[in-house]
Amino acid sequence: MRILLIASAFNSLSQRVHAELRSRGHDLGVELALGDDTIRAGVARFEPDLIIAPMLTTAIPGDIWTAHTVLIVHPGPKGDRGPSSLDWAISTGARQWGVTVLQAVAEMDAGPIWASVPFPVTSCGKSELYRNEVSDAAVEAVLLAVERFAGGSYEPEPLDYRRAGVRGSLRPYHSQDRRRIDWSTDTTADILRTLRAADSQPGVLDELFDREYFLHGGHNEDRLRGEPGEVIATREGAICRATVDGAVWLTHLRARRTTGGPRGVKRAAAEVLRENLTDVPEQPTTPVEAATRDTWSQVRYRERDGVGYLEFSFAGGAMSTEQCEQLLAAYRDACARSVSVLVLGSPRDFFSNGIHLDVIEAAADPAQESLRNITAMNDLVEAILTTTDTFVIAALAGNAAAGGVMLALAADEVWCREAVVLNPHYTLMGLYGSEYWTYSLPRRVGAATAARLTSQPLPLGARSAAALGLVDRVIAGDPDGFRARVCRDAGLLAKDPELTTRLVEKKRRLATDETTKPLSRYRAEEMAHMRENFFAADSDYHPLRRKFVYHEKPSSTPPYLRGTPPR
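Residues numbered from 1 in each chain as written. Predicted model: local features only at pLDDT ≥ 70, side-chain atom pairs only at ≥ 80, totals over all residues. Heavy atoms only, no water.

K.L.:
What's the story with unusual backbone geometry in this structure? I'm lost.
P.N.:
The bulk of non-glycine residues show a negative phi, and the bulk of peptide bonds are trans. Between D199 and the following residue, S200, the backbone shows a cis peptide bond with an omega angle of -5°. Assignment of secondary structure puts S200 in the loop between helix 6 (188–197) and strand 7 (204–208). Each neighbour pair has its own omega, and for Q201 with P202 the value is 5°, a cis peptide bond. Tracing the sequence through the fold places P202 in the loop between helix 6 and strand 7. Unusually for a residue other than glycine, E435 sits at a positive phi of about 60°. Relative to the assigned elements, E435 resides in the loop between strand 19 (421–423) and helix 13 (437–445). (Helix = DSSP H or I, 4+ residues; strand = E, 2+ residues; numbered from the N terminus.)

So, in structure tokens, the structure goes:
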């Protein structure tokens, strides 16, 4: 079928729906919801059999949904209506929620139901829940709805609150008035729910040191205590704030925008409050210690059955210069331990999206900080590529993009959860790319496919990536099931007598490659292009980065998203 996706943004869910439908042979196009006339023009141009809106914040014009079947993906159970569904689910402590695919009608979220799939509400931030449990349920519901539509005989279920299983309701917008934290009375559990329901947007409006900020990122602290509301510690750019019965870590702050003032960017909380924290102690922890505690740390390390697990979780998947250096130090420490297999990756969310554009944008010299950041990223990738006495597995429980994909490719094998979406390109940011991609990508997929993947900015599902040779193993199931399977198979690999032979072959192959063309040459050639991207007066990188950081909408749908015209 010809299926047109209409979306307010080509976000993680839109990309996954696109990848899943395309892998099943459907002809896909995307039209960004930039206004009624642009939507009408996009529909007329593509001539779809079916329209799906996987992520939409505005209404579809009536003349579109009366002429075409338009299916809306709503992140709520049957009967749920309103713009803040997940916020309510998390803030009220719901244990189970759902995703419903319903047909567009005049009244928002009130159309006939084509499919509905439940999911468990895990204790995590809204954006992490969205990229995992919500995304899994949404794809299952969309595929079921598409199958039913294609069959031609299915009659969607009218919304009727008298029916069994219709347990949702119309809920108001979750405004800041409903998100207020009272540090003198609210418990840690209440505060964490409030923070997680506002992640990553809009954040929780609060006051620190006589200035208003939006708080982002909420994590428990198991040991530190203090006067409720007081900032009692810092760690890795985060601040720890005491509650009436414990403490929470806040990772990022965004200054409230004043009238006519500049737009705020989320930044590390301790960096934002630097001048106010001169008497606040840093409370460091090691990756090994962090793995045994209920506290916040970006990097953790644990061992099981002869396998080391280096877990890292950076907000939004972006990795600043300091975060790259932190992970590199932890990687070297892990390699020095007596394990023959090392697994890299977050337990649930993003693997990596490469260099940290927000930090770069906030730097006094963005070009120089870009150079520092990519140099640190390259140092990390080089360390993995040149490890010959340990078998390294990149375990992708979540998505990866640009340099984050190349970070994964530095490992000996790449294992992906089936839900993962990869974007192995740099072109949307006006960059040539580095992280040794000119070495690692062609040797996996060939020169022609490597050129295509890095020049065509379309998402790639895990199974499609495996078919190209980009990924070695695809594992079905939810995040917990993925992690359990990774642990089982990595443990078996550590016990495999053939592992020693594989490590010998790995060392021999690297030596041969170094003789043919040293890694240093790949890096130097890539960095020559990157310096041009960073420092040339006419470079596209800086304006493109700025638009990305400030979430500026394009004036029209990019041609690469529109799909092929009808024959």
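What follows continues from the structure just given.
K.L.:
Sorry if this is basic, but what is going on with the pairing of strand 5 (residues 96–103) here?
P.N.:
Working note: regular strand, side chains alternate between the two faces of the sheet. With respect to burial, strand 5 is a largely interior element, seven of its eight residues being buried. Sheet analysis places strand 5 next to strand 6 (residues 113–120), joined by seven bridges and oriented antiparallel. Among the inter-strand pairings, L102 is bridged to a residue of strand 6, identified as I113. (Buried < 20%, exposed > 50% of the residue type's maximum accessible area, 1.4 Å probe, protein only. Pairing = 2+ DSSP bridges.)

K.L.:
Help me understand the nonpolar core in this model?
P.N.:
Across soluble globular proteins, you tend to see nonpolar side chains buried next to one another. Grouped together as the largest cluster of nonpolar side chains are 71 residues, with contacts concentrated most on L310, Y331, L396, L422 and L441. The element contributing the most residues to this core is helix 11 (residues 366–385), with 10 residues. Contact partners of L310, with chain neighbours within four places excluded, come to V299, R300, Y301, L327, A330, Y331, L342, V343, L344 and G345. Judged by nonpolar contacts, the second largest core, of 38 residues, contains V17, V101, A138 and V142. (Core = buried A, V, L, I, M, F, W, Y, C linked by side-chain atoms within 4.5 Å. Contact = heavy atoms within 4.5 Å.)

K.L.:
Mind showing me how you'd approach helix 18 (residues 519–535) here?
P.N.:
Compared with an ideal rise of 1.5 Å per residue, which puts 17 residues at 24 Å, helix 18 spans 24 Å between its outermost C-alpha atoms and is within 8% of the ideal. Residues of helix 18 that are buried: L519, Y522, R523, E526, M527, M530, N533 and F534. In this structure, the buried side of helix 18 is in contact with helix 11, helix 13, helix 17 (499–516) and helix 19 (541–549). (Expected span 1.5 Å × (residues − 1).)

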